[in-house]
Amino acid sequence: FADGAEGCYPQFAATEKNKDGIYGIDMGKRSYRGRMEIGRYGGRATVTAVNVVGLEEYLYGVVPCEMPASWSMEALKAQAVCARSYALIKAGYHAETDLKRGFRMVDTVQSQVYGGTTYEHARSNAAVDATKGETLCYENRTVTGYYCSGSGGHTENVEDVWGFAIPYLQGVPDIYETNPSKKPWSVTLSKNELTRLLRSEGKDVGTVKKVTQEVVTSSGRVTSLRIIGSLGSTGLATDALRNVLELASTKFRVFDSDSVPDMVTIQGAAETREVAIHDCYVINGSGTVQSADGLTSQYVVLSADNMTSFPRYAPEAGEYLFAGMGHGHGVGMSQSGAYGMAEAGFDYKEILEHYFTGISVR
């Protein structure tokens, strides 16, 4: 996705097929389809190499970089449609001008990860071919196919992440994400580490005294965290919260040394009571019953429409434990959830219609 914005820049293409039977341009560690353009854009002294490539061939190099090619074909098809929709919107004519950059998409997570022919795989190429030209459509228009590695049990309303409402990007249960590619996580930060991270962002509250979750969404994501110290307090919200504290997602719970971390509410036919998970028994997929005590360092409880993580132990005095699930912003399609749905027998259109409210694939 590029054109010579400031003038005519040289472009070149491969004249012979490589060992894989592709006309690929060898750029050292990677090879690319299409043409390569070399230019200095926006008055820069440095030279930039831009891959000029068609949409479908571009997707050959994206899908296996964003989702393992070994995954179920229906999940790969869903990924192909998402990536195609994302690219069409982000690299469309209304996208950021090429005048200063010379290109519309980068090859990292800032846009979509793109590895060229070097990372292509027959299975992911087949998924692209099987969905050729198909996009996510809402009210007869192609829309952006946002996706994340994992939601942790429930995707998020876009307005609770980026502050603007979009009708097709509403949070939905993600209960098929039972075997996520990136597992539940926990991060322990001391008061000194919290102080350091805050100061690196120009926020100084002195000695940390308390960390509280101010706003938690219905999906379990913290959109506002308050840190109180000897010199005052400061708030962290949404993506800033995740980036400053270096957390995988905002779907977490905070525990201190006074917390009782594994207490859950059990609702039965006769009564409702609070119990410790380590005092409970679990039944695995084969029907074996065993004590939950000692199974793992962190428990994951699956409810009818969400998942919640519980650490086994509270942190030491002077430390805060952030126990969470999911990876990324949580908006749109969960890749791990798509994998789970595909394994359960859903096709790619059913997967996409689940994650994107009111859309059609065409």
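First things first, this report covers the structure right here in the doc. (Residues numbered from 1 in each chain as written. Predicted model: local features only at pLDDT ≥ 70, side-chain atom pairs only at ≥ 80, totals over all residues. Heavy atoms only, no water.)

## Here we look at the sheet that holds strand β6 (residues 136-138)
Line of reasoning, step 1. Within the open sheet, the 3 strands sit side by side as β7-β6-β22. Their pairing is antiparallel. Strand pairing shows two members of the sheet lacking a second neighbour, β7 (141-142) and β22 (360-361), which therefore form its edges. (Pairing = 2+ DSSP bridges. Helix = DSSP H or I, 4+ residues; strand = E, 2+ residues; numbered from the N terminus.)

## Quick look at the side chain of Ser249
Line of reasoning, step 1. Relative to the helices and strands, Ser249 resides in the loop between α6 (238-244) and β13 (252-255).
Line of reasoning, step 2. For Ser249, a relative accessible area of 1% corresponds to the buried category.
Line of reasoning, step 3. A polar side-chain atom of Ser249 sits 2.7 Å from the main-chain carbonyl oxygen of Met325.
Line of reasoning, step 4. With residues near it in sequence (within four places) discarded, Ser249 still touches Trp185, Arg242, Met325, Gly326, His327 and Gly328. (Buried < 20%, exposed > 50% of the residue type's maximum accessible area, 1.4 Å probe, protein only. Polar contact = N/O pair within 3.5 Å; in protein donor to acceptor, adjacent residues only side chain to side chain. Contact = heavy atoms within 4.5 Å.)

## Quick look at the nonpolar core
Line of reasoning, step 1. Among the nonpolar cores identified, the biggest contains 48 residues, and Tyr58, Leu136, Leu169, Met333, Ile351, Leu352 and Phe356 are the most heavily contacted of them.
Line of reasoning, step 2. The set of elements that each furnish at least two residues to this core consists of α1 (55-66), α2 (73-90), α3 (122-130), α7 (335-343) and α8 (348-355).
Line of reasoning, step 3. Among the elements that line this core, the one with the most residues is α2, at 9 residues.
Line of reasoning, step 4. One finds Leu194, Leu225, Leu241 and Tyr320 within the second-largest nonpolar core, a separate group that totals 20 residues. (Core = buried A, V, L, I, M, F, W, Y, C linked by side-chain atoms within 4.5 Å.)

## Things to note about the pattern of salt bridges
Line of reasoning, step 1. Following the criterion strictly, the structure yields 9 salt bridges and no others.
Line of reasoning, step 2. The salt bridge partner of Arg33 is Glu57, with a shortest N-O separation of 3.8 Å. With Arg33 in the loop between β3 (31-32) and β4 (35-39) and Glu57 in helix α1, the pair connects residues that are 24 residues apart, well separated along the chain.
Line of reasoning, step 3. With a relative accessible area of 13%, Arg33 lands in the buried category.
Line of reasoning, step 4. Between Arg226 and Glu214 there is a salt bridge, with the nearest N and O atoms lying 3.3 Å from each other. Of the two residues, Arg226 is situated in strand β11 (residues 222-229) and Glu214 in strand β10 (residues 208-216); the sequence distance between them amounts to 12 residues.
Line of reasoning, step 5. Judged by relative accessible area, Arg226 falls into the partly exposed class, the value being 24%.
Line of reasoning, step 6. Residue classification places Glu214 among the partly exposed positions, given a relative accessible area of 43%.
Line of reasoning, step 7. Salt bridges linked by common partners bring Arg33, Glu57 and Glu120 together as one network. (Salt bridge = Lys/Arg side-chain N within 4 Å of Asp/Glu carboxyl O.)

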